[in-house]
Amino acid sequence: AGLAISWLTIRDGSPYARGTIADTQARSRTGVSIVAVLREQTAFPAPTPDFGFQPGDTAVVIGTPEGVKALAGLLG
């Protein structure tokens, strides 16, 4: 209880569509960890903070339901 796993798509209009995981400050802002990124047919498990997002990527995230909702809002 109290733990959520979600898949958040990085849309072209997102402020982080061409940024890095570090740019999002996801963990410090929401308490949520980005544990993998899916890009087309490729999975990037345990991406480092300098991993660069591309539009259409899917971030696999884990955290509290409230944190996941907050991160979804940030990723836009």
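Everything below is about the structure shown above.
In short, a report on the structure. Keep in mind it's a predicted model, so treat the numbers as computed, not measured.

Conventions used here
- Residues numbered from 1 in each chain as written.
- Predicted model: local features only at pLDDT ≥ 70, side-chain atom pairs only at ≥ 80, totals over all residues.
- Heavy atoms only, no water.
- Pairing = 2+ DSSP bridges.
- Helix = DSSP H or I, 4+ residues; strand = E, 2+ residues; numbered from the N terminus.
- Axes fitted to C-alpha atoms, helices over the stretch in contact; angles between N-to-C directions.
- Contact = heavy atoms within 4.5 Å.
- Buried < 20%, exposed > 50% of the residue type's maximum accessible area, 1.4 Å probe, protein only.
- Patch = residues over 30% accessible without salt bridge, like charges linked within 9 Å, V, L, I, M, F, W, Y side chains within 5 Å.
- Areas by Shrake-Rupley, 256 points an atom, 1.4 Å probe, with all protein chains shown as cover.
- Salt bridge = Lys/Arg side-chain N within 4 Å of Asp/Glu carboxyl O.
- 1 Å grid on protein atoms, 1.4 Å probe; cavity = no way out; pocket = protein on both sides within 12 Å on 5 of 7 lines; lining within 4 Å.
- Points joined across faces, edges and corners; volume = space filled by probe spheres on them.

**Some remarks on the sheet that holds strand 1 (residues 4-9)**
Paired through backbone hydrogen bonds, the strands of a sheet run either parallel or antiparallel to each other.
Here's step 1: Read across the open sheet, the four strands follow the order 1-4-2-3; overall the sheet is antiparallel. Among the strands making up the open sheet, the edge pair consists of strand 1 and strand 3 (42-45). Sheet twist, expressed as the average angle between the axes of neighbouring strands with direction ignored, equals 20°.
Here's step 2: Pairing analysis gives six bridges linking strand 1 to strand 4 (residues 58-63), with the strands arranged antiparallel. Residue pairing in the sheet places T9 in a bridge with T58 of strand 4.
Here's step 3: Lying over the sheet, helix 3 (residues 65-75) contacts strand 1, strand 2 (33-39) and strand 4, oriented at roughly 5° with respect to strand 1.

**As for unusual backbone geometry**
Peptide bonds are trans in most cases, and residues, glycine excluded, mostly fall at negative phi.
Here's step 1: For Q25, which is not glycine, the phi dihedral falls at a positive 50°.
Here's step 2: Accessibility expressed as a relative area gives 45% for Q25, which makes it partly exposed.
Here's step 3: The phi angle at E40 is positive, at roughly 50°, despite the residue not being glycine.
Here's step 4: Inspection of the secondary structure puts E40 in the loop between strand 2 and strand 3.
Here's step 5: The exposure class of E40 is exposed, given its relative accessible area of 76%.

**A few points about a nonpolar patch on the surface**
Here's step 1: Among the surface-exposed residues, I5, W7 and L38 lie close enough to one another that they form a single nonpolar patch of about 320 Å² accessible area.
Here's step 2: Note that W7 resides in strand 1.
Here's step 3: Classification of W7 as exposed rests on a relative accessible area of 53%.

**Structural notes on the layout of surface pockets**
Here's step 1: Of the volumes computed, that of the largest pocket is approximately 180 Å³.
Here's step 2: In terms of lining, the largest pocket is formed by I21, A22, T24, Q25, A26, R27, V32, S33, I34, P47, T48 and P49.
Here's step 3: Looking at the lining of the largest pocket, the elements that each hand over two or more residues are helix 1 (21-24), helix 2 (26-30) and strand 2.
Here's step 4: Top contributing element to the lining of the largest pocket by residue count: helix 1, with three residues.

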